[in-house]
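For reference, the chains in residue letters:
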Amino acid sequence: MASMVLRLCMLDKNITKRFLTNRKLTFSEVQRCLSSQSSGDDKRKTSSGRLNKRLKETAETVIIGGGCVGTSIAYHLAKAGMKDVVLLEKSELTAGSTWHAAGLTTYFNPGINAKNLHYYSIKLFETLEEETGQQIGFHNPGSIRLLSTPERMDEARYQMQRQGWNKAPQWIISAEEVLEKFPLLNPDKILGGLYNPEDGHIDPYSLTQAYAAGARKYGADIYMPAPVIGLTSRSDGGWDVETEHGMIAAKRIVNAGGIWGQELGRMVGIELPLVPVHHQYVVTSTIPEVAALKHEVPVIRDLEGSYYCRQERSGLLFGPYEKEHMMRLQEDWVTDGVPQGFGKELYESDLDRIQENVEHAMEMIPVLATADIQSVVSGPIIYSPDLLPLMGPYQGLRNYWAAVGFSYGIIHSGGAGKYLADWIMMGEPPYDLIEMDPNRYGKWTTQEYLFKKARESYGNNNLLGYPKEDRLGGRPTERISGIYEKLKRRGAEYGFHSGWEQPHWFALEGDEAGYQPSFHRTNWHKPVGREYDMVMKRAGIMDLTPFAKFDVKGKDAGRLLDYLVANRLPKIGHSAVCHMLTPRGRVYAEITITRMSDEHFFCITGSGSELHDLRWIEDHAVNGQFDVSITNHTDEMGALTIAGPASRDILSRLTDADVSNEAFPFMSMQEITVGGVPVRAIRISYTGELGWEFYHDRSETEKLYDALLVAGEPFGIGDFGVYTMNVFRIEKGFRMWGQEMLTDNNPIEAGLSMFIKMKKIFLCFQKCDFIGKEAIQKIKSEGLTRKLVLLKVDTDNIDPEGNETIRLNDKVVGNTTSGCFSYHMNQSVAYAYLPVELGKPGTVVKVELLGNHYDGTVIEEPMLLTEPSRAKLKSKAQASG
């Protein structure tokens, strides 16, 4: 009996002219799509052909790209009421990647807010056909992620603990239930399944046409063929969009160019990290066992075999993700551009690459072994390094928006269109998706990094997804501090932070070194406890170089920052923790501001929000016509911190400055020399213990580090990392941006009221309004419905990390935001959002972890006072005694 592998190899030598599809393509289109590219395709045409209607001269928004994402943005903007929405498509709608996509739709996503995109898309698909009159071929038989190992069962339980407080239906089903829903599977290979009952698949071509019909219905204009040949920014912040048919003056542009997105970026001088990947799927002809089924079977995803499979009429569609060393990138399209004339063509199939996946599939779905193959589709899908799209406004370019890198564009399309339309219309994102921010990649993102990381992301598409996942492809980048190698020799186990390498923990002699991911406590648990003990009793040193660092200078510097943040600005030589709010009163960012002089402020923010925060500051500076200069020193400036009770004694040995509490109080800054290195020294520490942060020229990091080590040796100083820092900040009650506070939350429910000054006065003694003030007033007057609380969680060999579901009497009542093992309390703790009435200390709820429901008890916070607070209490006690 001939195997499916042999049949595929025969097909590869003589590509079939038959193409099983429900996309209503003509036979000539099919022939063109299955043909390989010729050198003649590279010749530039002098004209793209006759335009379908007369080109407008002005537009509110010009969207470039007519795939499912571009048309969805046009549809959502027009439906929201925006006038003069224009979409430009270089050839015809769906050209590039959309038309040949497998069209899978699923609620599942390992990300938290990314689930919102999927949820919105599927709910839209349920009504879009009726709204637009365009059939979309939406099937929702459900989907099952097959669980065939104990580790996969743990992964499913891990995903379920993060799913319960979300909207979409999802649960774990038994092996018997899996076989009942998909009876063609091998029963010996299955332990269970993660089931999404409303998932399925859709016809990408028809979906795109429906978006386009909806866009036109609400007043948008779609022009094709209309390739963009030039983009020029204007002094008013708008854009001149040049096409072969004339010029459009646009207020803003959206790059939704798909596989051409990188070329559109280069038109304006930016490098978008995008690379096409060859993705293949196989369509069978009729399989008798499939034809005999009484209902359409769910889409399955065999994670161990790394493929998806769905029913296609009376056959099956099977799509593999080859391993890293087998898959293929189209690297020359990145270096040389997409061949001219490419539109609805395909690559030649390369079936040797998927042989291992095919063998897995035949073991799991035995009927595939004797199936006849109708067609093989091998087409380009666009990948970013981490598989997530680049979506939002671009830092450094006014009114330039990105909507590219959608490797899962079909399921993302509806939610992405809505998300971007809401952001454009409201002036702020509707919820946080910083993991998709277009500026998460910077100048450190080389093509070498792009290719290695995209290969890793595609090849590990179905790899087990652990907490604190840390993938190694393409690392390190140029973003390493001056002590990278030295810390590595000292046992640093590095993590990746926006291109930077930063120690997560240190493996010393006798420790089990290396990255060993687990759903339970793993090899770093005891070393982190050792680092914690060291900082609490002696002193520790940590590399903070990845922190983002900006100087804001000029006569309007104070006025700009006072408008942007809700706290009072500090006096000269002092620092303040400040929050930038959105107009709706959500927490857009947390920054530490130090006033260097009347017209000079030094701003520090997290590594992951560097350009996210810089963009917000720059945009408001330009729009408000503030006379300021803003300089990003992140790459040029290093940062080290020391913390612990011996840190003052250590510092005093390295500087002539008086570092006593009276001369150098908490939250103050001095420009001093430490160990022969000029630094901006700020008395602050995210550990909450006595400590300083030293900002200095990055070239002198090693000199400063060595001096601190030598001076600290008699006091038992050592290294500590990010994991230990996280324990300290939770114990001390410090919120983290992206966890407890983000654009999903307001600062009052997050417990940040002490940083919100509703009656702050600017230096000129005038009342100062700030962005979000009116919204905060409304929130306060209406009262809160939920609040952030601290829980002690009675677990065993597992700790909460955030986004776990919380229940009371089997009803979902909230979610955790972050968690850790508290070495002070010797047990697990977590921050969580709960209804106000459940926020009283002593309230007991259930926290879900790996399928178990553990008691979580609300406790007073902070569980441990900061060193300055302890010092004040001690001083008062001594004074009263």
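Please read all numbers here as calculations on a predicted model, not as lab measurements.

Enquirer: It is not clear to me how the overall build of the chain should be interpreted in this structure. Could you clarify?
Expert: When its secondary structure is counted, the chain shows 22 helices and 37 strands. In terms of overall size, the chain behaves like a compact globule, its C-alpha atoms giving a radius of gyration of 29 Å where 881 residues would be expected to give roughly 29 Å. Oriented by its inertia axes, the alpha-carbon framework of the chain measures out at about 90 × 65 × 55 Å. Looking at the chain as a whole, 62% of its 881 residues are labelled buried. For the chain, the proportion of contacts with a sequence separation of at least 24, taken over those separated by at least 6, is 74%. Accessible area for the chain stands at about 34,000 Å²; split by element, carbon and sulfur atoms hold 49% of it. The chain carries 97 positive and 113 negative side-chain charges, and their two centres are separated by 4 Å.

Enquirer: I tried to follow the environment of aspartate 598 on my own but got confused; where do I start?
Expert: For aspartate 598, the position within the fold is in the loop between β24 (587-597) and β25 (600-605). Under the relative-accessibility criterion, aspartate 598 is labelled exposed at 56%. Taking the C-alpha atoms as reference, aspartate 598 lies 27 Å from proline 546; in sequence the two are 52 residues apart.

Enquirer: Could you clarify how one ought to interpret the UniProt feature "domain: GCVT N-terminal" (unreviewed entry) in the chain in this entry?
Expert: In the UniProt entry, the feature "domain: GCVT N-terminal" (unreviewed entry) is given for residues 483-760. Across residues 483-760, helical content stands at 25% and strand content at 28%; the span's end C-alpha atoms are separated by 42 Å.

Enquirer: Could you clarify how one ought to interpret the sheet that holds strand β22 (residues 548-553) in this entry?
Expert: Pairing between the strands of a sheet is mediated by backbone hydrogen bonds and can be parallel or antiparallel. Strand order in the open sheet formed by five strands is β23-β24-β25-β22-β26, and the pairing between neighbours is antiparallel. The open sheet is flanked by β23 (575-581) and β26 (629-632), the only strands paired with a single partner. Looking at each pair of strands side by side, their axes are set apart by 30° on average, direction ignored. Here β23 pairs with β24 via seven bridges, running antiparallel. Bridge pairing in β24 places leucine 581 opposite valine 587.

Enquirer: Is there a simple way to think about the environment of threonine 149 in this case?
Expert: Along the chain, the position of threonine 149 falls in the loop between β4 (143-147) and α5 (150-161). Between the C-alpha atoms of threonine 149 and glutamate 469, which are 320 residues apart in sequence, the distance is 19 Å. Apart from residues lying up to four places away in sequence, threonine 149 is in contact with Leu191 and Glu304.

Enquirer: Help me out: how do you make sense of the pattern of salt bridges in this one?
Expert: When their charged atoms lie close together, side chains carrying opposite charge are able to pair. Overall, the coordinates contain 52 salt bridges when judged by the stated rule. The residue lysine 53 makes a salt bridge to aspartate 221 at a minimum N-O spacing of 3.0 Å. Here the residue lysine 53 occupies a position in the loop between α2 (27-34) and β1 (58-64), and aspartate 221 occupies one in strand β8 (residues 221-223), the gap between them amounting to 168 residues. Lysine 53 sits in the partly exposed class, given a relative accessible area of 31%.

Enquirer: Hey, could you run me through the UniProt feature "domain: FAD dependent oxidoreductase central" (unreviewed entry) in the chain in this one?
Expert: When the UniProt feature table is mapped onto this chain, "domain: FAD dependent oxidoreductase central" (unreviewed entry) is found at residues 427-478. Secondary structure content for residues 427-478 is 25% helix and 0% strand, and the end C-alpha separation is 34 Å.

Enquirer: How should I be thinking about the packing of aromatic side chains in this particular structure?
Expert: Where two aromatic rings form a pair, the distance of their centres and the angle of their planes describe that pair. Counted under the stated rule, the structure contains 32 aromatic pairs. Site record: aromatic cluster; members linked through ring pairs are Tyr308, Tyr321, Tyr383 and Tyr458. Over the ring of phenylalanine 496 we find lysine 453; its NZ or CZ atom is 5.7 Å from the centre of that ring.

Enquirer: Please clarify how the state of the cysteines should be interpreted in this entry.
Expert: Where two cysteines share a covalent bond between their sulfur atoms, that bond is called a disulfide. Here the structure, examined in full by the defined rule, presents zero disulfides. Sulfur of cysteine 603: no disulfide; nearest cysteine sulfur belongs to cysteine 578 and is 8.3 Å away. Overall, the relative accessible area of 0% leaves cysteine 603 in the buried class.

Enquirer: I'm lost on the nonpolar core in this one. Help?
Expert: Burial of nonpolar side chains together is a common tendency in soluble globular proteins. By size, the foremost hydrophobic cluster in this structure holds 52 residues, and its most contacted members are Leu581, Phe602, Ile682, Tyr695, Ile756 and Ile776. The element contributing the most residues to this core is helix α20 (residues 722-731), with six residues. Setting aside anything within four residues of it in sequence, one finds isoleucine 756 in contact with Ala566, Leu581, Pro747, Phe770 and Ile776. Counting residues in hydrophobic clusters, the runner-up holds 48 residues, among them Ile136, Ile410, Leu420 and Tyr431.

Enquirer: I would appreciate a short explanation of the sheet that holds strand β34 (residues 811-822) in the present structure.
Expert: The strand order β32-β35-β34-β33-β36-β37 describes a closed barrel built from six strands, whose pairing is antiparallel. Between one strand axis and the next, the sheet turns by 45° as a mean value, whatever way the strands run. The pairing of strand β33 (residues 805-808) with strand β36 (residues 844-849) spans two bridges and is antiparallel. Each bridged residue has a counterpart across the sheet, and for arginine 807 the counterpart in β36 is lysine 846. Across the sheet, α20 is in contact with β32 (786-793), β34 and β35 (827-835); its angle to β34 comes to roughly 120°.

Enquirer: Is there a simple way to explain α5 in this structure?
Expert: Since there are 3.6 residues in each turn of an α-helix, residues three or four apart along the chain are aligned in direction. With twelve residues, α5 should reach 16 Å at 1.5 Å per residue; the first-to-last C-alpha distance of 17 Å fits that figure. When you tally the buried positions in α5, you get nine out of twelve residues, the bulk of the element. Looking at the buried positions of α5, the neighbouring elements they touch are α4 (114-132), β4, β5 (171-174), β6 (192-196), β33 and β36.

Enquirer: In this structure, what is going on with the pairing of strand β27 (residues 637-643)? I would like to understand it.
Expert: Side chains on a regular strand alternate between the two faces of the sheet. Across the seven residues that make up β27, a large majority, seven, are buried. In β27, alternate side chains face the same way, and those of Met637, Ala639, Thr641 and Ala643 on one face and Gly638, Leu640 and Ile642 on the other are all buried. Where strand β21 (residues 540-543) and β27 come together, four bridges link them in antiparallel fashion. In the strand pairing of β27, glycine 540 is matched with alanine 643. Two elements, β27 and strand β30 (residues 691-697), share seven bridges in a ladder whose sense is antiparallel. Its bridge partner lying in β30, methionine 637 is registered against aspartate 697.

Enquirer: Just checking my understanding: could you explain unusual backbone geometry for this structure?
Expert: Peptide bonds are mostly trans, and most non-glycine residues show a negative phi. The omega torsion across methionine 224 and proline 225 is -5°, close enough to zero to call that bond cis. With respect to the helices, strands and loops of the structure, proline 225 is situated in the loop between β8 and β9 (228-233). Look at the link from arginine 475 to proline 476: it is a cis peptide, with omega at -5°. Within the secondary structure, proline 476 sits in the loop between α13 (447-459) and α14 (484-489). Positive phi is not limited to glycine here, since asparagine 399 has a value of about 60°. Relative to the helices and strands, asparagine 399 resides in the loop between β17 (390-393) and β18 (400-404). For asparagine 399, a relative accessible area of 26% gives the class partly exposed. Non-glycine residue serine 498 carries a positive phi angle of around 55°. Secondary-structure assignment places serine 498 in the loop between β19 (492-497) and β20 (500-506).

Enquirer: Even after reading the chapter, I still don't get the pairing of β24, so can you show me in this structure?
Expert: Along β24, nine of the eleven residues are buried, which leaves the element largely enclosed by surrounding structure. Following β23, the chain reverses through five residues before pairing antiparallel with β24; glycine 585 in that reversal takes a positive phi of roughly 80°. Examined bridge by bridge, β24 and β25 share five bridges and lie antiparallel to one another. Within β25, the position partnered with isoleucine 593 by the bridge is cysteine 603. Once β24 ends, the chain turns through two residues before running back antiparallel as β25.

Enquirer: Please explain helix α12 (residues 409-426) as it appears in this structure.
Expert: Across its 18 residues, α12 extends 24 Å between first and last C-alpha, which sits within 8% of the 26 Å expected from 1.5 Å per residue. The largest bend in α12 amounts to roughly 35° and is located at glycine 415. Counting buried positions along α12 yields 15 of 18 residues, so the element is predominantly enclosed. Count one or two residues on from α12 and you reach glycine 427, which has phi positive near 85°.

Each value, and the rule that gives it
Residues numbered from 1 in each chain as written. Predicted model: local features only at pLDDT ≥ 70, side-chain atom pairs only at ≥ 80, totals over all residues. Heavy atoms only, no water. Helix = DSSP H or I, 4+ residues; strand = E, 2+ residues; numbered from the N terminus. Rg over C-alpha atoms; globule rule 2.2 N^0.38 Å. Buried < 20%, exposed > 50% of the residue type's maximum accessible area, 1.4 Å probe, protein only. Contact = heavy atoms within 4.5 Å. Areas by Shrake-Rupley, 256 points an atom, 1.4 Å probe, with all protein chains shown as cover. Lys, Arg positive; Asp, Glu negative; His and termini not counted. Charge placed at Lys NZ, Arg CZ, Asp CG, Glu CD. UniProt positions renumbered as here; feature names shortened; annotations may be inferred. Pairing = 2+ DSSP bridges. Axes fitted to C-alpha atoms, helices over the stretch in contact; angles between N-to-C directions. Salt bridge = Lys/Arg side-chain N within 4 Å of Asp/Glu carboxyl O. Phe/Tyr/Trp six-rings, centres within 6.5 Å; stacked < 30°, edge-to-face > 60°. Lys NZ or Arg CZ within 6 Å of the ring centre and 35° of its normal. Disulfide = S-S within 2.5 Å. Core = buried A, V, L, I, M, F, W, Y, C linked by side-chain atoms within 4.5 Å. Expected span 1.5 Å × (residues − 1). Bend = angle between axes of the 7 residues up to and from the residue.

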